[in-house]
Structure formats: structure tokens, C-alpha cells
Amino acid sequence: MPLKQVLKYDEETTDTISDHYTRILQDIGEDPAREGLMKTPVRAAKAMQFLTQGYEMNAENILRSAMFAEDYSEMVIVKDIEFYSLCEHHMLPFFGKAHVAYIPDGYIVGLSKIPRVIEVFSRRLQVQERLTDDVLQAIHSTLNPLGVAVVMEARHMCMMMRGVQKQSSVTTTSAFTGAFKSERTRNEFLKLITSNLH
């Protein structure tokens, strides 16, 4: 569920980032004045602001905007949530799917808010391990559920385009709180996210 694209960019920030991209083009031996590159620094500056807009968002506020008192205490799962992020080590993309579950304890949250929380933290410079924990902690601290589970699977361009150049590698990270520390509950979650029920 993509967030609404930011249509208004801070002019000063855009100009500053654009100047840096112009110098990068020069440093790698390109001519920023040639036709194909004349607008590239500005485009890249706006793209970088869009890809890192998560710094301006608050996951807890997003969750609180759609919390509802409900007497339901079984597992709620939202799986196969697409996400895109930038590796903080090389500033190259990593992308994949997230699977999130929680067991309510008095409150549920609007289902669309879980993908939005993932967007908040993925639209930053990240490592997958911290991204997984950021999502977990935001849901845990805001909803105070009986437990939260997060599994993320991603392909990293920093491993595919450069370095070891392994095209088929997938990185999986997981984090659990509360009831999901129980092997039985955790296994139920893992079974459900790998099952094709629809």
C-alpha cells in the first residue's frame, strides 16, 4: 500500500541535494550539462526525499489514529506486504515482503495501518535487522497486545549488483514479543504465513 507521493518538495533541500548530485556526476567523469543529464540532479534529489520521507512520519500516531476497543484475542495476521528500502551501507535498494501478526488485548487497529507502519520505517536508510525490530516495537508499544510477530524477506541489491553478486540470495529476519515467544504460537504464525489459504 504505497503512501501518497509528496508533491511539494522543500526548495532549499532540493537545491542542496541537487548540487551534491551534480558534483557526483562530475566526479565519475560525466558531463551534467549534456541533454540526458541536465535535469537528473533535481530528479534524483526529489527521488531521495521521497525514498526517505519516513523520517518525517510517526508510526505511533498512525496506529493511534485507528485504534478500536474490541473484545478479540486471537491472532491477526497481515502478510505479503511489499516494502522497499535503502541499505544504509551502500544506499542501494533492498525490497521484499513483510508478514506481521499481533494478538489483541483490548484494542485492534485498522488493517491498513500495519502496511503504513512498514512504510514509515522502510522509507529511511535502513538495515533489514533494525527495520524488522522497528516495526515490531512500534506495534508492541502502541497497541500493548499480548504479542507481536514480524518476519521480513528481502533481496538486497548491494549483494546482487556489487560485492558477492549473488542473484538468488534472500535474507530473512524475524522478531517476536509476548505470546509469540511460545513455540506453539510462533509455529502457528509461521505455518499461516507460508500457507495459501485464498
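Being a predicted model, the structure only gives us computed values, none of them experimental. The numbers attached to residues start from 1 for each chain and follow its sequence in the written order. Selection of residues for local features in this predicted model requires a pLDDT of at least 70, selection of side-chain atom pairs for listing and counting requires 80 or more, and totals for whole chains, interfaces and linings are taken over all residues. Remark: hydrogens and water are excluded; side-chain values derive from all non-hydrogen atoms of the structure.

**Topic: the UniProt feature "domain: GTP cyclohydrolase I" (unreviewed entry) in the protein**
Point 1. UniProt positions are given in the numbering used here, feature names are shortened, and annotations may be inferred rather than shown by experiment. The residues that UniProt annotates with the feature "domain: GTP cyclohydrolase I" (unreviewed entry) are residues 18-193.
Point 2. Think of it this way: any DSSP run of H or I at least four residues long counts as a helix, any run of E at least two long counts as a strand, and we number them from the N terminus. With 39% helix and 28% strand, the stretch residues 18-193 has end C-alpha atoms that lie 42 Å from each other.

**Some remarks on a negative patch on the surface**
Point 1. The residues that make up patches have over 30% relative accessible area and no salt bridge, and they are joined within 9 Å when like-charged or within 5 Å when they are Val, Leu, Ile, Met, Phe, Trp or Tyr. Residue burial considers only the protein chains on display, and all accessible areas are found by Shrake-Rupley using a 1.4 Å probe. A pair is scored as a salt bridge if a Lys or Arg side-chain nitrogen falls within 4 Å of a carboxyl oxygen belonging to Asp or Glu. Charge convention: Lys and Arg are scored as positive, Asp and Glu as negative, and His as well as the terminal groups of each chain are ignored. Charge positions come from single atoms, namely NZ of Lys, CZ of Arg, CG of Asp or CD of Glu. Together, D10, E11, E12, D15 and D19 line one region of the surface with negative charge.
Point 2. With respect to the element layout, D15 can be found in helix α1 (residues 11-27).
Point 3. The classification of residues rests on relative accessible area computed with a 1.4 Å probe and restricted to protein chains. Under 20% of the type maximum is buried, over 50% is exposed, and intermediate values are partly exposed. Owing to a relative accessible area of 48%, D15 belongs among the partly exposed residues under this scheme.

**What to know about the pattern of salt bridges**
A side chain with one charge can pair with a side chain of the opposite charge if their charged atoms come near.
Point 1. In total, this model carries three salt bridges according to the counting rule given.
Point 2. The partner of R34 in a salt bridge is E30, and the shortest N-O contact between them spans 3.0 Å.
Point 3. Linking R123 and E119 is a salt bridge whose minimum nitrogen-to-oxygen distance equals 3.2 Å.

**Observations regarding the packing of aromatic side chains**
Centre distance and the angle of the planes are the two values used to describe a pair of aromatic rings.
Point 1. Two aromatic rings from Phe, Tyr or Trp, using only the six-membered ring of Trp, form a pair when their centres are within 6.5 Å; if the ring planes differ by under 30 degrees the pair is stacked, by over 60 it is edge-to-face, and anything between is tilted. Scanning the model with the defined rule gives four aromatic pairs in all.
Point 2. With 6.3 Å between their ring centres and 75 degrees between their planes, F83 and F94 make a pair best called edge-to-face. A residue pair is termed long-range when its members are at least 10 positions apart, and F83 in strand β2 (residues 76-87) and F94 in strand β3 (residues 93-103) qualify at 11 residues.
Point 3. With relative accessibility at 0%, the residue F83 sits in the buried group.
Point 4. Overall, the relative accessible area of 0% leaves F94 in the buried class.
Point 5. Measuring from ring centre to ring centre gives 5.8 Å for F180 and F189, while their planes differ by 75 degrees; the resulting arrangement is edge-to-face.
Point 6. Its end group placed over the ring of F176, R186 keeps NZ or CZ at 5.6 Å from the ring centre. Working rule: Lys NZ or Arg CZ, within 6 Å of ring centre, within 35 degrees of ring normal, means a charge sits over the ring.

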